[in-house]
Amino acid sequence: MSLTDRQKQMIEAYLPTPPDPELKDDEYYVLGTDWRCHKVYVRDLLPHDEETTYGVYEVGSNRRIDAGYGSEWIGFRKASMYDNKQDCKDMTHCMFDNWEHLRDLQRQEGLI
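All chains use their own residue numbering, which begins from 1 and follows the written sequence. Confidence filtering applies because this is a predicted model: local features only for residues at pLDDT of at least 70, side-chain atom pairs given and counted only at 80 or more, and all residues used for totals across whole chains, interfaces and linings. Computation of side-chain values: all heavy atoms of the structure, hydrogens and water removed.

So, the packing of aromatic side chains
The criterion, for reference: Pairing of aromatic rings covers Phe, Tyr and Trp, the last through its six-membered ring, and needs centres within 6.5 Å; plane angles under 30 degrees mean stacked, over 60 mean edge-to-face, and all others mean tilted. A helix here means a DSSP run of H or I that spans at least four residues, while a strand means a run of E at least two residues long, and both kinds are numbered starting from the N terminus. The buried label applies to any residue whose accessible area, calculated with a 1.4 Å probe on protein chains only, is under 20% of its type's maximum; exposed applies above 50%, and partly exposed to all values in between. Placement of a charge over a ring requires the Lys NZ or Arg CZ to be within 6 Å of the ring centre, with the centre-to-atom vector within 35 degrees of the ring normal.
Per the counting criterion, the structure on display carries 3 aromatic pairs. Ring centres 6.3 Å apart and planes at 90° place the aromatic pair tyrosine 28 and tryptophan 99 in the edge-to-face group. Of this pair, tyrosine 28 sits in strand β1 (residues 27–31) while tryptophan 99 sits in helix α3 (residues 99–108), and the two are 71 residues apart along the sequence. Residue class for tyrosine 28 comes out buried when judged on its relative accessible area of 7%. Here the basic side chain of arginine 43 rests over the ring of tyrosine 57, its NZ or CZ set 3.8 Å away from the ring centre.

Here it is in C-alpha cells:
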C-alpha cells in the first residue's frame, strides 16, 4: 500500500516528529492546564456528547491531570494526546483525533 498525497500532507502537518521511543504502550503526553507536558497513561473512558474523552494520570505520581473543562467527567480528546513531547508542546494535531491511524500508516510504509 502506498500513501496518497493527502495522507503524506497530513502526516507532514500533524506528525512532524517521530514517536518518543521511551513511551510505553498506552502512554502519551498531554498539555496540562499548567501549560506543561505531562507523561500520562489512560485509565478512564469518559463518554461526552458524541465523542469519547479519556481520563489520564501522570506516570510516576498517578495524579489525575485536569483537561481544563471544569468537570471530572470530561477528559482529554484523542487529539490532545501525543506520542512525542515536542509535538505536544507545539500542539501539532490538537484538532485531529485520528492521528494514530496516520502513525500506523507511517509504520506500515517504513517511514518511522
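Some points on α3
Heads up, the condition is: Regarding the arc, it is the one traced by the directions from the helix axis to the C-beta atoms.
For α3, the set of buried residues is Trp99, Leu102, Arg103, Leu105 and Gln106. For α3, the buried positions fall inside an angular range of 155° around the axis, keeping them on one side.

Concerning the nonpolar core
Filter applied, for reference: We define the nonpolar core as a collection of buried residues of types Ala, Val, Leu, Ile, Met, Phe, Trp, Tyr and Cys that are connected through side-chain atoms lying within 4.5 Å of one another.
Residues Val30, Val40, Val56, Ile65, Phe76, Met81 and Leu102 are the most contacted members of the largest nonpolar core, which totals 17 residues. Elements supplying a minimum of two residues to this core: α1 (5–14), β1, β3 (51–58) and α3. Among the elements that make up this core, the one with the highest residue count is α3 (3 residues). The next biggest cluster of nonpolar side chains, apart from the first, holds 6 residues, and it includes Leu23, Tyr29, Leu31 and Tyr82.

Observations regarding the pattern of salt bridges
Put simply, the rule is: Salt bridges are defined by distance alone: a side-chain nitrogen of Lys or Arg within 4 Å of a carboxyl oxygen of Asp or Glu.
By the definition in use, this model includes 7 salt bridges. Ionic pairing is found between arginine 36 and aspartate 34, a salt bridge with its closest N-O pair at 3.1 Å. In this structure, arginine 107 and aspartate 104 form a salt bridge, with 3.7 Å as the shortest nitrogen-oxygen distance. Taken together, the residues arginine 107 and aspartate 104, both in helix α3 and 3 residues apart, mark about one turn of the helix. The partly exposed category is assigned to aspartate 104, whose relative accessible area is 39%. When salt bridges that share partners are traced, they join Glu51, Arg77 and Asp97 into one network.

Here's the deal with the packing of α1 against α3
Here is the rule: Inter-axis angles, ranging from 0 to 180 degrees, are taken between N-to-C directions of lines fitted to C-alpha atoms, where helices are fitted over the stretch in contact. Throughout, the term roughly parallel applies to angles under 35 degrees, roughly antiparallel to angles over 145, roughly perpendicular to angles from 65 to 115, and oblique to all others. Crossing handedness: left-handed means the near helix sits turned counterclockwise from the far one by under a right angle, and right-handed means the same turn made clockwise. We call two residues contacting when some pair of their heavy atoms lies within 4.5 Å. Side-chain classes follow a simple rule in which Ala, Val, Leu, Ile, Met, Phe, Trp, Tyr, Cys and Pro form the nonpolar group, Asp, Glu, Lys and Arg form the charged group, and the remainder, Gly included, forms the polar group.
Two numbers describe how α1 lies on α3: the axes approach to 10 Å, and their chain directions differ by 110°. Of the possible angle classes, the one that applies to α1 and α3 is roughly perpendicular. Of the two elements, α1 crosses α3, and the hand of that crossing is left-handed. Here α1 contributes Gln7, Met10, Ile11 and Tyr14 to the contact with α3, which in turn contributes Leu102, Leu105 and Gln106. Its residues placed into classes, the contact of α1 with α3 shows 5 nonpolar, 2 polar and no charged.

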